[in-house]
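Structural description and commentary
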Amino acid sequence: MELSILIFLPAVAAGLILLLPQRLEQHARWVALAAALAMLALSLQVFFAFDRDAGGYQFTQRATWVDIGQFRLQYFVGVDGLSLPLVVLTTCLTVASVLVSFSITHRPRAYFASLLLLASSVVGVFVALDFMLFFLFWELELFPMYLLISIWGSGRKEYSATKFVLYTIAGSAFMLIGILVLAFDAGTFDIQQLESATFQDTLLPLGWVFLFLFIGFAVKLPIVPLHTWLPDAHSDAPTAVSVMLAGVLLKMGGYGIIRMCVGLMPEVAHDWDAWLAGIGAFSTLYGGFITLRQTDVKRLIAYSSVSHMGIVLLGIGALGTTGLVGATYQMLAHGLITGLMFVMIGLMYERTHTREIARLGGLARQMPLIATGMVFAGMASLGLPALAGFIAEVTVFLGAFQRFEWAVLAAIFGVVLSAGYILWMLQRVMFGPVRHEWDELTDQRHWWEHTVVAGLAALVVLLGVYPALMTDVIEPAMTTLVARLNA
């Protein structure tokens, strides 16, 4: 029941917000904040009640949804060590996104309703244990994202929103083919049953099914060359949407690859492991080199996400417990760190109304608090020890090195590039020559801005100094998955 409340609570709150009379529309932010805090509290309750020794899916709830012929579609939800940390990450970033949106004045009811519907659909993706239910939530996320970018974005917002939807739908078409092939062969959409199924008479070779599913998830992750929607979507999206996009929507791709591609077809995953590691290493390098050429701060961080998600794919390709734990931890760390970075960029943009690096400089003098947050997020992004990014990257590299030394060495060079572009950006924007056009700026404004920055920074430190908080949850699920891979 807890997971069902977690899924539908924000959707119900979105409906209540839309019913608010116009004279009370500014109260929409408080309704959204109450719903987001309730989601966070409930997810933490589930997290601390989760039995780390039991393994398997917990807090499951099952009910028949559609029963036609030989197929029974179910409302079937549950969490394990892979999905639960991502659910907690989603609720944390939902609270952060609502808070940084408190200054929204243009159609606030529709804005906060869309934001909560987005959170509802993402949580649904992570907890769905029926393949068709998973696909439903996967597609549902497109509607609020399109509205959030196209209405409240900036620049070429309609173009960026349309590009995002077209890329995702194209990937989903491949994914749906793979889903139907597996379901027709096994006679069920139940993911738990599919994990133990033996696919012998599929309509397409399993290698093609694996590829089709992988394409659908790689678009969302995103992996080169399926990544070009991401910089446009980030650069034109409002701050809160960038936080959700980088923080949790990209993680849907990594989660899908682990859960569906590797989890359902372990034999095929062995055939693809070198490709996964190679594509991951290439994405890490390519993202790093392209990032060095960016002149817009938001596009720079967007391309850095391509590089960091390459590390996730490298860890998955290792097909070992350490690599898979590292890949999952990298998704968590990147979600918090990049979410914090986009918050800082959004706060800076609200004051300067520009993201062009050439126009910025010496902002640390006028905005010391924002500069501190930017430097902290930058250090975490490049993998400074004692912060979450360091633990994640080291775990991936340790897990993949014995099998794919060449890929790890390439990815490590990508990390060196990340240090270069992050430090270059910080020096130019915060500590470069002072530009007197910014003399009147200040970073003292609203309590909610400081709350978000302090909260996300604290989580980055917590996961950096106490990684066992999450790894103790993740590792049993990955150990079970690796046992199936090696069976």
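Our subject is the structure that appears above.
All values derive from a computational prediction rather than experimental measurement.

Quick word on the overall build of the protein
Helix and strand counts for the protein stand at 20 helices and 2 strands. What you see for the protein is a C-alpha radius of gyration of 21 Å, in line with the 23 Å of a compact globule of 487 residues. Summarising its shape, the C-alpha atoms of the protein cover approximately 70 × 60 × 40 Å along the three principal directions. In the protein, which comprises 487 residues, the proportion classed as buried is 63%. Taking contacts inside the protein between residues at least 6 apart in sequence as the whole, the part at least 24 apart equals 81%. Taken as a whole, the protein presents about 17,300 Å² of accessible surface, with 65% of it coming from carbon and sulfur. The average position of the 25 basic charges and that of the 31 acidic charges among the side chains of the protein differ by 11 Å.

Quick look at the packing of aromatic side chains
Counted under the stated rule, the structure contains 20 aromatic pairs. Centroid distance Phe47 to Phe48: 5.2 Å. Interplanar angle 85°. Geometry classified as edge-to-face. Under the relative-accessibility criterion, Phe47 is labelled buried at 2%. Both rings, one in Phe174 and one in Phe212, keep their centres 5.5 Å apart while their planes meet at 50°; by these two values the pair is tilted. Taken together, the residues Phe174 in helix α7 (residues 157-186) and Phe212 in helix α9 (residues 206-220) connect sequence positions 38 residues apart. Looking at Phe174, the relative accessible area reads 32%, which means it is partly exposed.

Re the nonpolar core
Counting 180 residues, the largest nonpolar core has Phe131, Phe134, Leu213, Met348 and Met425 as its most contacted members. Leaving out residues up to four positions away in the same chain, Phe131 has contacts with Ile179, Leu182, Phe189, Ile191, Leu194, Leu213, Met260 and Leu264. If you look at the next biggest cluster of nonpolar residues, it comprises 16 residues, including Val396, Ala407, Ala410 and Ala411.

Here we look at the side chain of Ser4
Residue position: Ser4 is located in helix α1 (residues 2-19). Contact partners of Ser4, with chain neighbours within four places excluded, come to Gln61, Tyr75 and Val77.

Section: unusual backbone geometry
For the bond running from Leu221 to Pro222, omega is -15°, close enough to zero to count as cis. Mapping Pro222 onto the fold places it in the loop between α9 and α10 (229-236). Val224 connects to Pro225 through a cis peptide bond whose omega is 10°. Summarising the element assignment, Pro225 is placed in the loop between α9 and α10. Its identity as a non-glycine residue notwithstanding, Phe59 has a phi of 55°, on the positive side. Secondary-structure assignment places Phe59 in strand β1 (residues 58-68). Of note, the phi angle at Arg107 is positive, near 50°, even though the residue is not glycine. Along the chain, Arg107 falls in the loop between α3 (83-100) and α4 (108-127).

What counts, and at which threshold
- Residues numbered from 1 in each chain as written.
- Predicted model: local features only at pLDDT ≥ 70, side-chain atom pairs only at ≥ 80, totals over all residues.
- Heavy atoms only, no water.
- Helix = DSSP H or I, 4+ residues; strand = E, 2+ residues; numbered from the N terminus.
- Rg over C-alpha atoms; globule rule 2.2 N^0.38 Å.
- Buried < 20%, exposed > 50% of the residue type's maximum accessible area, 1.4 Å probe, protein only.
- Contact = heavy atoms within 4.5 Å.
- Areas by Shrake-Rupley, 256 points an atom, 1.4 Å probe, with all protein chains shown as cover.
- Lys, Arg positive; Asp, Glu negative; His and termini not counted.
- Charge placed at Lys NZ, Arg CZ, Asp CG, Glu CD.
- Phe/Tyr/Trp six-rings, centres within 6.5 Å; stacked < 30°, edge-to-face > 60°.
- Core = buried A, V, L, I, M, F, W, Y, C linked by side-chain atoms within 4.5 Å.

Keep in mind these values describe shape, not function.
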